[in-house]
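Architecture at a glance
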Amino acid sequence: MLRQKLNPRAKSEINSGFGANSSNYGGRFLDSRGLPNVKKTGIGFFQRISWYHFLLQLSSGKFFLIVISFYLVVNMVFGSIFYLIGTQVFGAIETYSQVLDYWEAFFFSCQVFSVGGYGLVSPENMFVNSLCAIEAFLGLLSLAVVTGLLYGRFSRPKAYLKFSNNALLSPYHGNKAIMFRVAPIKNTSLTNAEVIVTLGIITEEDGKMVNKFYQLPLEYESVGSLSLNWTVVHPVTESSPFYVFSKEDYRNIKGEIIIVLKAFDDMFSNTVISRKSYSLDEVVVGAKFLPMYKRALGGERTILYLDKINSYEEV
């Protein structure tokens, strides 16, 4: 049935980069972040993970949660060691409460870890001085690592593009076309934007289910400047794999529209890349996008309404 629904005039790709055997492939080709939906195994965990890439790709909230948690755990460990040694080995501590003693030891550890000096409290024997030297060295290394990660996160070029939540099957020049929208969301300047759109679909071939991929011809595959929204259009012509699709096929056939968009960021003098995918059941049949920009009242500027990128109406 799936083979009958694919347009025989559409030419599939041979080297797609994704596996061809559908029975060995699970889920979508790209995950929600636009990355390959692949879990790697067969070697040790620490061999197959790059901590630098992992920490750069984390959201800001999770990244700072890890940094703060590491800071608190290290100081709790060293503070507990100092507390167990006894606060009598530190000068200027005169408390008569175990709770206050622990907090004094904890905050003393914070001073040592941040290499900020001892203040009123200072170690008074060689063993405690040695522990302080070890913690101070660990603090210097941690500060260098966190500084490098913060710089990497801040300076790493990103596309900062927002895609519409759905692709649409819309009227187009007396026929139909698959459309989706993309727009820059930051105060960046992107030029020479190029997009490649591929349909990945599961079909039957020689009695077994296989993944087939079709690069979709577009109305425009590139734009000189990406300053407003860009509606990417794939006309559903006789050579399109969608040509024989019915409305029900978009809901029932398992497939995915894969988008790779790259542009040049002249601020960083570097190429940035963004990925997105739509499953076929995320294609809204019989709808068109509503305008998302207009001329300002003074007529001297164009207003781009980013909150309208998903706005469409049925037709």
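As for the pattern of salt bridges
What the rule picks out here adds up to one salt bridge. A salt bridge links Glu 313 to Lys 288; its shortest N-O distance comes to 3.6 Å. Here the residue Glu 313 occupies a position in strand β14 (residues 312-314), and Lys 288 occupies one in strand β11 (residues 287-289), the gap between them amounting to 25 residues. By relative accessible area, which is 34% here, Glu 313 ends up partly exposed.

Section: the side chain of Ser 277
You can see Ser 277 is positioned in strand β9 (residues 270-279). Assessed through its relative accessible area of 6%, Ser 277 is described here as buried. Polar side-chain contacts of Ser 277 include one of 2.8 Å to the side chain of Glu 256. Sequence-distant contacts of Ser 277, that is, excluding residues within four places in its chain, are made with Arg 28, Leu 30, Glu 256, Ile 257, Ile 258, Ile 259 and Glu 282.

Digging into helix α3 (residues 60-85)
Taking 1.5 Å per residue as the helical rise, α3 with its 26 residues ought to reach 38 Å, and the 38 Å between its terminal C-alpha atoms agrees with that figure. For α3, the full list of buried residues reads Phe 63, Val 74, Asn 75, Phe 78, Gly 79 and Phe 82. Summarising the contacts, the buried residues of α3 are in contact with α2 (51-57), α4 (98-113) and α5 (126-155). The first or second residue beyond α3 is Gly 86, which carries a positive phi of 115 degrees.

Things to note about the nonpolar core
Counting residues in hydrophobic clusters, the biggest one holds 33 residues, and the most contacted among them are Ile 178, Val 197, Phe 242 and Ile 257. Within the residue set of this core, elements represented by two or more residues are β1 (161-163), β2 (167-172), β3 (175-184), β4 (190-205), β7 (230-235), β8 (255-265) and β9. Sort the elements by how many residues they give to this core and β4 lands first, with six residues. The residues touching Ile 178, leaving out its near neighbours within four places in the chain, are Ala 167, Leu 168, Leu 169, Val 232, Val 233, His 234, Val 236, Phe 242, Tyr 250, Ile 257 and Val 283. One finds Phe 82, Phe 108, Leu 131 and Cys 132 within the second-largest nonpolar core, a separate group that totals eleven residues.

Conventions we followed
- Counting starts from 1 at the beginning of each chain's written sequence and moves along it residue by residue.
- Reporting of local features is limited, given that this is a predicted model, to residues whose pLDDT is at least 70; pairs of side-chain atoms are given and counted only at 80 or more, and all residues count toward the totals for whole chains, interfaces and linings.
- Neither water nor hydrogens contribute to the side-chain values; these are computed over all heavy atoms in the structure.
- For this analysis, a salt bridge means a side-chain nitrogen from Lys or Arg found within 4 Å of a carboxyl oxygen belonging to Asp or Glu.
- Strands here are runs of E lasting at least two residues and helices are runs of H or I lasting at least four, both read from the DSSP assignment and numbered beginning at the N terminus.
- Throughout this description, buried means an accessible area under 20% of the type-specific maximum (1.4 Å probe, protein chains only), exposed means over 50%, and partly exposed covers the range between.
- Counted as a polar contact is a pair of N or O atoms within 3.5 Å, where, for protein atoms, one must be capable of donating a hydrogen and the other of accepting one, and residues adjacent in sequence contribute only when both atoms are in side chains.
- Only heavy atoms matter for contacts: two residues are in contact if any of them lie within 4.5 Å across the pair.
- Multiplying one less than the number of residues by 1.5 Å gives the expected span of a helix.
- The criterion is simple. A nonpolar core is a set of buried Ala, Val, Leu, Ile, Met, Phe, Trp, Tyr and Cys residues joined through side-chain atoms within 4.5 Å.

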